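Coordinate analysis (summary)
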Amino acid sequence: MITPDLELTKLVEKKLIELKQIVDTKWGKFSAPTVFVNYDLNSSRSLGMCQTNKNFEEDSYTIRLNPELLNEYREEYINEVFVHEYAHAITSHFFHPSKANRWKKIMPHGKEFKSVCSLFGIIGKSTSNLTKGKGIPGKQKNRQKRWSYSCDCGHNHQVSTTIHNKMSKGQKRICALCRSQLFKV
């Protein structure tokens, strides 16, 4: 398992203290929840993750970071991904529906989350430009195979595996140009 170097973990701790001070200034001293940081995320689906700890009496959260991405992108990863995940913890802590207001729905990247993100100086969006062009390590695009079909006018139609499977089971598709039924080439 890859682990981040000591310098990077200290930078994460420094950023955590900085963010906690922002929260304390906004909502009052000692109002920020307890946040633990783990460097164990080996996901091909997410850059970081924030989880609520259910087994503690007080509100606490664990932020899981990808050590491979942390080592590669360093401060950029901390300033974008770590701060984003910390914003999830703060949003959950301050805006989570209570018993008094149990009908209020908090969206993961909704207005409450975006307001917390703006407090931290980041844009509250669900995607990141951090690995643009490279992708998340281990993540592969799931692209369906395309199947060639034709019609009476000779137009070549490329259909997805999903549509191909439906057509194989008897579902009919017609050409938008000549209105004839598609057939497998």
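Calculation notes
- Residues numbered from 1 in each chain as written.
- Predicted model: local features only at pLDDT ≥ 70, side-chain atom pairs only at ≥ 80, totals over all residues.
- Heavy atoms only, no water.
- Helix = DSSP H or I, 4+ residues; strand = E, 2+ residues; numbered from the N terminus.
- Buried < 20%, exposed > 50% of the residue type's maximum accessible area, 1.4 Å probe, protein only.
- Contact = heavy atoms within 4.5 Å.
- Areas by Shrake-Rupley, 256 points an atom, 1.4 Å probe, with all protein chains shown as cover.
- Salt bridge = Lys/Arg side-chain N within 4 Å of Asp/Glu carboxyl O.

1. Examining the overall build of the chain
Of the regular secondary structure elements, the chain holds five helices and six strands. Expressed as a percentage of its 185 residues, the buried residues of the chain come to 37%. Taking the contacts inside the chain whose residues are at least 6 apart along the sequence as the reference set, 61% of them involve residues at least 24 apart. Of the roughly 12,200 Å² that the chain leaves accessible, carbon and sulfur atoms contribute 51%.

2. Some thoughts on the pattern of salt bridges
Where charged atoms from two side chains of opposite charge approach closely, those side chains can pair. The full count for this structure, using the stated rule, is five salt bridges. A salt bridge links Asp5 to Arg74; the shortest N-O distance between them is 3.6 Å. Of this pair, Asp5 sits in the segment before α1 (6-27) while Arg74 is found in the loop between α2 (67-73) and α3 (75-95), placing the two residues 69 residues apart along the sequence. We classify Arg74 as partly exposed; its relative accessible area is 24%. The shortest N-O distance in the salt bridge between Lys20 and Asp24 comes to 3.0 Å. Residue Lys20 and its partner Asp24 are located together in helix α1, separated by four residues, close to a single helical turn.

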